[in-house]
Amino acid sequence: MVRTHSHVEMGALDERSVLQFDDENLSSPMSVDRTTDSLDALHPKTVSGSSQVCSIKCMGSTVFSSLKIVVFSTKLNLLMPFGPLAILIHYLTGHHGWVFFLSLLGITPLAERLGFATEQLAFFTGATVGGLLNATFGNATELIISIYALKNGMMRIVQQSLLGSILSNMLLVLGCAFFSGGIVFLKKEQVFNKTAATVNSGLLLMAVMGILFPAALHSTHTELHDGKSELALSRFSSCIMLVAYAAYLVFQLKSHKRLYEGEPTEEGSDDDEVPEISKWESIIWLAILTAWISVLSEYLVDAIEGASVAWKMPISFISVILLPIVGNAAEHASAIIFAMKDKLDISLGVAIGSSTQISMFAIPFCVIVGWIMGRPMDLNFQLFETTTLFITVLVVAFLLQDGTSNYFKGLMLILCYLIVAASFYVHVDPSSVEDKPSKH
């Protein structure tokens, strides 16, 4: 009996101590941590395994979310399968016309998504670096196509495709933006920053000057050293144009930043945009899209001459009209959307800003890259192309001088582009095939 009673007392004491211990655990966070640690020590494999599963699930959901935003968010991405199809047809049939056409369709959504990824990355970099990113990646498609054409010795295709990008941005993209904005705001006159437009027009006229003098030197046969002075002048002028473009970036993004930002509006404060994907996702997508555009551009450039023969279409028309429409897909869409939201300064920055980047950065850059590659790439765009560029810059400069836009101005620019397109459709450039070096 004594032994039994002592056992009962001991049991009661143990029970009270356990309850007291549990109360201490509940009241003390340190004890909770120790309890958790002891449980983790008892089951280390289970905890580490669950954390790995959780991290894999989180990574999977992030990748899926990024794919959904970048790849599946626009209907234009339905054209993406045409890229692999172009490569398949290249190896199965070798039909240049179909390879060129399918490559063109395949690059279109990639160019648009490249612009989207650049915009997302610009959220994290600030104005200065964001401007440089837009300068680099905004016209990345044209630059990649141009470098592949330079590699193959197709200097005229480089010149004509870059010229076509300027014409497309200034006439077609800006014209569609003015027209669509004018239709939406039919009873209201849209306005934009006249001073910023004047600065861009001046830069475009400087680019015309750099392109005009080598063409004039060639046409008048007044070179000091036949065949060499023209190339030397082009390389010198390209270096000057790159310096001018660098000064323009400082002017736009640092010293006269307020000139391009404009006055803040009540509407602008309500719809501040936020990034849809993270910084590293933007960088990864930029790398993927640029690599895929590079692959398709090689097939595109190789098929240009064959497509010209198959379609019975001048190479100049393909280079000046068809190629730039693909490269300007992102600019075209965004310029129209901003114009319909009455944000004409942004539309103007997209269209005229892109033309300025190509004329003052991309063209001189290709001349310097050609110099490094040993290719005689120059600024002599021939008389027909130079005249077209000169008249286009004058027409756009006159339409921008009053700082207002309407649907009729947009219609005039679109109709001017149709005249340019028809002109290049009947224009035969005899040097387009002759400057390609023979393969040994």
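Everything quoted here is computed from the prediction, not taken from an experiment.

## Some thoughts on the overall build of the chain
In step 1: Secondary structure assignment for the chain yields 20 helices and two strands.
In step 2: The proportion of buried residues among the 440 residues of the chain is 45%.

## Observations regarding the nonpolar core
In step 1: Ranked by internal contacts, the top residues of the largest apolar core, which has 102 residues, are F100, L174 and L400.
In step 2: Examining the composition of this core, we find that 15 residues originate from one element, helix α8 (residues 155-184), more than from any other.
In step 3: Each residue touching L400, except ones within four places of it in the same chain, is listed here: L174, F178, F192, K194, A197, S201, L348 and I352.

## Things to note about the packing of helix α7 (residues 140-151) against helix α17 (residues 344-373)
In step 1: At a minimum axis separation of 11 Å, α7 and α17 run at an interaxial angle of 25 degrees. For the element pair α7 / α17, the angle class is roughly parallel. Here the hand of the crossing between α7 and α17 comes out right-handed. Contact with α7, carried on its side by E142, L143, S146, I147, L150 and K151, involves I358, F361, A362, F365, C366, V369, G370 and M373 of α17 and no other residues of that element.
In step 2: Of the residues in the contact of α7 with α17, the class split is 10 nonpolar, two polar and two charged.

## A look at the side chain of Q120
In step 1: Looking at the element boundaries, Q120 is found in helix α5 (residues 96-125).
In step 2: Looking at Q120, the relative accessible area reads 4%, which means it is buried.
In step 3: A polar contact of 3.4 Å, which involves the side chain of Q120, links it to the backbone nitrogen of I277.
In step 4: Contact partners of Q120, with chain neighbours within four places excluded, come to P275, E276, I277 and S282.

## Brief notes about α17
In step 1: Taking 1.5 Å per residue as the helical rise, α17 with its 30 residues ought to reach 44 Å, and the 41 Å between its terminal C-alpha atoms agrees with that figure.
In step 2: Bending of α17 peaks at approximately 35 degrees at the position of I358.
In step 3: Across the 30 residues of α17, 22 count as buried, placing the element largely inside the fold.
In step 4: Looking one or two places after α17, you find G374, whose phi comes out positive at around 85 degrees.

## Details of the side chain of S294
In step 1: Take S294: it is sitting in helix α13 (residues 279-302).
In step 2: On the basis of relative accessibility, which here comes to 17%, the residue S294 falls in the buried class.
In step 3: Setting aside chain neighbours within four positions, we find S294 in contact with I144 and Y148.

## Quick notes on the packing of aromatic side chains
In step 1: Within this structure, the stated rule accounts for 10 aromatic pairs.
In step 2: Judged by centre distance (6.1 Å) and plane angle (80 degrees), the ring pair of W98 and F101 falls under edge-to-face. Separated by three residues within a single helix, W98 and F101 lie in helix α5, roughly one turn from each other.
In step 3: With 5.2 Å between their ring centres and 85 degrees between their planes, F384 and F424 make a pair best called edge-to-face. Residue F384 is found in helix α18 (residues 382-400), and its partner F424 is found in helix α19 (residues 407-425); the two are separated by 40 residues along the sequence.
In step 4: A relative accessible area of 0% places F424 in the buried class.
In step 5: An aromatic cluster is defined as three or more aromatic residues linked by ring pairs; in this entry it consists of Y245, Y248, F361 and F365.

## Here we look at the environment of G97
In step 1: Of note, G97 is situated in helix α5.
In step 2: According to the relative accessible area criterion, G97 is buried, its value standing at 2%.
In step 3: Distance in space between the C-alpha atoms of G97 and V309 is 8.2 Å, their sequence separation being 212 residues.
In step 4: Other than its neighbours up to four places away in sequence, G97 contacts A307, A310 and W311.

## As for the pattern of salt bridges
Charged atoms that come close allow side chains of opposite charge to pair.
In step 1: Across all of its chains, the model carries four salt bridges by this definition.
In step 2: A salt bridge links K188 to D342; the shortest N-O distance between them is 2.4 Å. With a gap of 154 residues between them, K188 in the loop between α8 and β1 (190-191) and D342 in the loop between α16 (329-340) and α17 connect regions that are remote in the sequence.
In step 3: Judged by its relative accessible area of 23%, D342 is partly exposed.
In step 4: Between K409 and D402 there is a salt bridge, and its shortest N-O distance comes to 2.8 Å.

## Details of the confidence of the model for the chain
In step 1: Per-residue pLDDT for the chain averages 80, and the proportion of residues at 70 or more is 79%.
In step 2: Confidence, expressed as mean pLDDT per element, reaches its minimum in the chain at helix α12 (residues 266-270) with 43 and its maximum at α19 with 94.
In step 3: Counting contacts from residues 263-270, a segment whose pLDDT is below 50, to residues more than four positions away or on other chains yields zero contacts.
In step 4: The model gives residues 433-440 a pLDDT under 50, and that stretch makes 13 contacts with residues more than four places away or in other chains.

## Concerning a nonpolar patch on the surface
In step 1: A surface patch of nonpolar side chains, about 660 Å² in accessible area, is lined by I183, L186, Y407, F408, L411, L415 and L418.
In step 2: Sorting elements by how many residues they give to the nonpolar patch places α19 first, with five residues.
In step 3: With respect to the element layout, L418 can be found in helix α19.

How each quantity is defined
Residues numbered from 1 in each chain as written. Predicted model: local features only at pLDDT ≥ 70, side-chain atom pairs only at ≥ 80, totals over all residues. Heavy atoms only, no water. Helix = DSSP H or I, 4+ residues; strand = E, 2+ residues; numbered from the N terminus. Buried < 20%, exposed > 50% of the residue type's maximum accessible area, 1.4 Å probe, protein only. Core = buried A, V, L, I, M, F, W, Y, C linked by side-chain atoms within 4.5 Å. Contact = heavy atoms within 4.5 Å. Axes fitted to C-alpha atoms, helices over the stretch in contact; angles between N-to-C directions. Parallel < 35°, antiparallel > 145°, perpendicular 65-115°, else oblique. Left-handed = near helix turned anticlockwise from the far one by under 90°. Nonpolar A, V, L, I, M, F, W, Y, C, P; charged D, E, K, R; others polar. Polar contact = N/O pair within 3.5 Å; in protein donor to acceptor, adjacent residues only side chain to side chain. Expected span 1.5 Å × (residues − 1). Bend = angle between axes of the 7 residues up to and from the residue. Phe/Tyr/Trp six-rings, centres within 6.5 Å; stacked < 30°, edge-to-face > 60°. Salt bridge = Lys/Arg side-chain N within 4 Å of Asp/Glu carboxyl O. pLDDT = per-residue confidence, 0-100. Patch = residues over 30% accessible without salt bridge, like charges linked within 9 Å, V, L, I, M, F, W, Y side chains within 5 Å. Areas by Shrake-Rupley, 256 points an atom, 1.4 Å probe, with all protein chains shown as cover.

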